[in-house]
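Remarks on the overall topology
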Amino acid sequence: MTAQDELVFLPLGGLGEIGMNAALYGFGPERRRKWILVDCGMGFASEEHTPGIDVMYPDLSYIVERRKDLLGILITHAHEDHIGALVETWPKLRAPVYATPFAASLIAARKLSEPGAPRIEMREVLPGRRFSLGPFDIEYVPVSHSIPESNALAIRTPHGLVVHTGDWKLDPAPTLGSNTSEAQFRALGEEGVLALVCDSTNVVRDGESPSESEVSATLARIIRESPHRVAVTTFASNVARMRAVAEAAQAAGRDVVVVGRAMDRVAGVAAEIGYLPGLPEFKSPQAYGYLARDKVVALLTGSQGEPRAALARIAADQHPDISLTAGDRVIFSSRTIPGNESEVNAIINALIRKGIDVVTDRHDLVHVSGHPRRDEMRRMYEWTRPRIAIPAHGEDLHLAEHAAFAHAQGVETVVKARNGTLVRVAPGRAEILDHVPAGRLYRDGDIVIPALDRAVPERRKLAFAGIVSIAIAVDKRGEFVGDPAIDQMGLPEKSRSGEPLADIVDDAVVAVLRNLPRGVRRDPDAIEDAVAKAVRGALRNVWGKKPACHVMVLEV
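The text that follows walks through the structure, step by step, so that each part is easy to find.

Each value, and the rule that gives it
- Residues numbered from 1 in each chain as written.
- Predicted model: local features only at pLDDT ≥ 70, side-chain atom pairs only at ≥ 80, totals over all residues.
- Heavy atoms only, no water.
- Pairing = 2+ DSSP bridges.
- Helix = DSSP H or I, 4+ residues; strand = E, 2+ residues; numbered from the N terminus.
- Axes fitted to C-alpha atoms, helices over the stretch in contact; angles between N-to-C directions.
- Contact = heavy atoms within 4.5 Å.
- Core = buried A, V, L, I, M, F, W, Y, C linked by side-chain atoms within 4.5 Å.
- Buried < 20%, exposed > 50% of the residue type's maximum accessible area, 1.4 Å probe, protein only.
- Salt bridge = Lys/Arg side-chain N within 4 Å of Asp/Glu carboxyl O.
- Expected span 1.5 Å × (residues − 1).
- Arc of directions from axis to C-beta.
- Parallel < 35°, antiparallel > 145°, perpendicular 65-115°, else oblique.
- Left-handed = near helix turned anticlockwise from the far one by under 90°.
- Nonpolar A, V, L, I, M, F, W, Y, C, P; charged D, E, K, R; others polar.

Here we take up the sheet that holds strand 3 (residues 34-38). Spatial ordering of the open sheet is given by 8-7-6-3-2-1-21-22, a layout of 8 strands whose pairing is mixed. Two strands bound the open sheet, and with one partner strand each, they are strand 8 (122-124) and strand 22 (431-435). Across the sheet, the mean angle from the axis of one strand to that of its neighbour is 25°, orientation sign disregarded. Each of strand 3, strand 6 (70-74) and strand 7 (97-99) touches helix 3 (residues 86-93); the most contacted strand, strand 6, lies at about 170° to it.

Pasting the structure below:
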């Protein structure tokens, strides 16, 4: 260690938003710094704000430019908001990926479903076994969460110990996976925690999160009392919930049908690793129609309203194998991620219109969060006694509340970081050094585009005001040949006075062409500009909106 060595923290995703978790830790002099990346997750896009976009990835260009100094990618657990960007971004990073057996198996299974997926260099790790990556000494510390093999990270450096909690909670009876061990975190506290980088998701809620075992009991009761078909939608990666549904179905004499590629993939990995012991084999969607109405439970993807997931297709009567009718029951055993409310509510309303009984966490304890409430967080701070707190994993509200909470716990220094904030953790007083480029990438069909790409704002504009397309032919003398070809999409049929908007557009085009000087008629760019302005102005006068206007001039 030299006098120039610094320990820095740089989040590139997950601070200021839910999802897309990706955080860098760096050690060394500024120009020779070595890095580790903790998690590489995706986020869900909103059709309302980003039309045509399914998922979002963090922009990792900062570390891509420094990838020769990236020592490894550490996966805390296998939720999509922690691993979902890995297949897409790994070819740009090419650093070894460290993960527990379940996470590694799920990443491998996910790769198989992606055509042309890279051969990611995977290295399995076991909790409690320490290993070194350059100046970093890493230890995986098991925690309770809503997926098996979730871990916090104890990151030891020459400047001190950082505890990166990942996603966690305190659950005395988690039904699957580990407890969050008070003894282990107290031991870290005794060792001396320089900084705690901690989950903020539920900091706005008092008390403690209910136990997963309470949800299991509720699901068992609801399934037992249901007279007809039951469908349960949850996060595909929630293996504890999957097992609870399967055990409830078994007790009620029902078969479980797994519907959705992600759900099927996770079920296969969970069975292979040994997390579904003693349960009958799950049925395929093709078996659904042959099972008695009171002898089936469907386990579905689509809890976040994803338009192509199983539940949305079932609600729209578009699924080839699965249907629900009046009297059946759908259980939303999940929390709606902020931003997905309208999509989820649309599905719920569609189900209710069919006479289907819908059960959510507003009605019964069918879901618990995998994140800590304030009393749980208070205990974590008591155990670890950090000198520095950096709130993570949350929107601005959560991060601000967590900062105030950490101050109230007597933490000496609280750093309010956001995506792109470069924080010096040590030596000296923790402080913000710089702000680096950080943003989002959009998965648009089969390609990935930057958030500033013009495609998305143009789609929003088209959705808001439609488009008018005009083709004009002009000869070398500046004479117009034939009539303009005009087409319009997304516009109302008539104005308030009843005049067809098509006639208004046609009149505006004819008028501007008639009045163009002959010299201007020889300039295609000038023609396009004049026609577009005339059409947009005419429509604004009668409609109050200006659509996109595409004018093409052909020289013949």
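This brings us to the nonpolar core. In terms of nonpolar packing, the biggest core is built from 70 residues, with L24, W35, L70, I73, I75, L86 and F102 touching the most fellow members. Considering every element that reaches this core, the biggest residue donor is helix 7 (residues 239-251), with 8 residues. If sequence neighbours within four positions are ignored, I73 has contacts with L37, L86, W90, L93, A95, P96, V97 and Y98. Counting 32 residues, the second largest nonpolar core, distinct from the first, contains F27, Y98, V197 and I388.

The next thing to look at is the sheet that holds strand 13 (residues 193-199). One open sheet accounts for 7 strands, arranged 9-10-11-12-13-19-20; its pairing is mixed. A strand with exactly one partner marks an edge of an open sheet, and here the two such strands are strand 9 (131-133) and strand 20 (413-414). Pairing analysis gives 5 bridges linking strand 13 to strand 19 (residues 388-392), with the strands arranged parallel. Counterpart to L196 in the pairing with strand 19 is A389.

As a further point, take the pattern of salt bridges. Once the charged atoms of two side chains with opposite charge are near each other, the side chains can pair. Under the defined criterion, the tally for this structure stands at 28 salt bridges. The closest approach of N and O atoms between E17 and R440, which form a salt bridge, is 3.0 Å. Within this pair, whereas E17 is found in the loop between strand 1 (6-13) and strand 2 (22-28), its partner R440 is found in strand 23 (residues 440-444), the two being separated by 423 residues in sequence.

What follows covers helix 10 (residues 341-353). Taking 1.5 Å per residue, 13 residues should reach 18 Å; helix 10 reaches 18 Å between its end C-alpha atoms and fits that length. By the burial criterion, the buried members of helix 10 are E343, V344, I347, I348, A350 and L351. The arc that holds the buried residues of helix 10, viewed along the axis, is 160°, so those residues lie on one side. In this structure, the buried side of helix 10 is in contact with helix 9 (310-315), strand 17 (329-332) and strand 18 (357-359).

Helix 12 (residues 396-408) packs onto helix 11 (residues 374-384) with a crossing angle of 50° between their chain directions and a minimal axis gap of 11 Å. It follows from the interaxial angle that helix 11 and helix 12 lie oblique. Judged by the twist between their axes, the crossing of helix 11 over helix 12 is right-handed. In this structure, helix 11 contributes R374, M377, R378 and Y381 to the contact, and helix 12 contributes E401, H402, F405 and A406. Partitioning the contact of helix 11 with helix 12 into residue classes produces 4 nonpolar, 1 polar and 3 charged.

Once that is clear, we can look at helix 13 (residues 455-465). Three or more residues of helix 13 are buried, namely A455, V456 and A465. Taken from the residues just after helix 13, G466 is the one with a positive phi, measuring 70°.

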